[in-house]
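# Breakdown of the fold
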Amino acid sequence: MPDGPRYDDDFYAWTKYQAEVLRTLRTKDNRFDRENLVEEIEDLGQSYRDAARSQVIRILEHLLKLAQSPAADPRNGWMGSIAEARDALNDQLSATLRLDVEAGWADLYRRARHRAALGLSRYGEHGAVDSLPETSPYSLDDVLRDEWYPEPLDDP
């Protein structure tokens, strides 16, 4: 049984660990393209991490729109987008990725807030844009909570 994170348990941690192991291997076999292999493994892990971050941003963006917009029509679309993103995120969120998301929470929220503001502005919902919270009113547990959606404000 190999040391370190298991591929099936935490892919992101596994890629980081395997890249480090490959870097420290001593070999004189010049057929082995260690540096490029390490880079490819690291890129796989970063792509996986970026996909998880992207789903969090997508969920936060639509949670904000649901909470701040008085519009009725787009609600079902936003809720559908959140449900899809939650499914994808729950499939890939390992302990290591959860720590990464929590560590970058403020930046992920800032990016989601910006996207929500752009989307709301596009439809003239300037009052909703002005009422977007500067800091996240949501936790990662809220983001992951199946079938939970905020109610719209009474007077945006």
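All of the points below concern the structure found in this document. (Residues numbered from 1 in each chain as written. Predicted model: local features only at pLDDT ≥ 70, side-chain atom pairs only at ≥ 80, totals over all residues. Heavy atoms only, no water.)

Together, L25, F32 and L37 line one region of the surface with nonpolar side chains, adding up to about 230 Å² of accessible area. Inspection of the secondary structure assignment puts L25 in the loop between α1 (11-24) and α2 (34-68). The class of L25 is partly exposed, set by a relative accessible area of 41%. (Patch = residues over 30% accessible without salt bridge, like charges linked within 9 Å, V, L, I, M, F, W, Y side chains within 5 Å. Areas by Shrake-Rupley, 256 points an atom, 1.4 Å probe, with all protein chains shown as cover. Salt bridge = Lys/Arg side-chain N within 4 Å of Asp/Glu carboxyl O. Helix = DSSP H or I, 4+ residues; strand = E, 2+ residues; numbered from the N terminus. Buried < 20%, exposed > 50% of the residue type's maximum accessible area, 1.4 Å probe, protein only.)

So, on to the packing of aromatic side chains. Counted under the stated rule, the structure contains five aromatic pairs. Centroid distance F11 to Y48: 5.0 Å. Interplanar angle 65°. Geometry classified as edge-to-face. Remark: Y48 occurs in helix α2 and F11 occurs in helix α1; sequence separation between them is 37 residues. With relative accessibility at 16%, the residue F11 sits in the buried group. Aromatic side chains Y138 and W148 sit 5.9 Å apart centroid to centroid with 70° between the ring planes, which places their arrangement in the edge-to-face category. Placement of the pair is Y138 in the loop between α6 (126-130) and α7 (140-144) and W148 in the segment after α7, with a sequence separation of 10 residues. (Phe/Tyr/Trp six-rings, centres within 6.5 Å; stacked < 30°, edge-to-face > 60°.)

Considering all chains together, one arrives at 12 salt bridges under this definition. Across the pair E42 and R23 runs a salt bridge whose closest N-O atoms are separated by 2.7 Å. With E42 in helix α2 and R23 in helix α1, the pair connects residues that are 19 residues apart, well separated along the chain. Judged by its relative accessible area of 27%, E42 falls in the partly exposed class.

A separate point is the environment of N30. Topologically, N30 is positioned in the loop between α1 and α2. By relative accessible area, which is 74% here, N30 ends up exposed. Sequence separation between N30 and D91 is 61 residues, and the spatial gap between their C-alpha atoms is 38 Å.

Glancing now at the side chain of S94. By the secondary structure assignment, S94 is in the loop between α3 (75-92) and α4 (95-103). A relative accessible area of 10% means that S94 is categorised as buried. Those residues in contact with S94, other than ones at most four positions away along the chain, are D9 and D10. (Contact = heavy atoms within 4.5 Å.)

Another point: α3. In this model, α3 (18 residues) spans 26 Å end to end at C-alpha, consistent with the 26 Å of a helix rising 1.5 Å per residue. Turning to α3, its buried residues number three or more, namely R75, W78, S81, I82, A85, R86, L89 and Q92. One side of α3 holds all its buried residues, which, seen down the axis, span an arc of 140°. Residues N76, E84 and D91 are exposed on α3 and point more than 90 degrees away from its buried face. (Expected span 1.5 Å × (residues − 1). Arc of directions from axis to C-beta.)

Shape descriptors only; they carry no functional weight alone.
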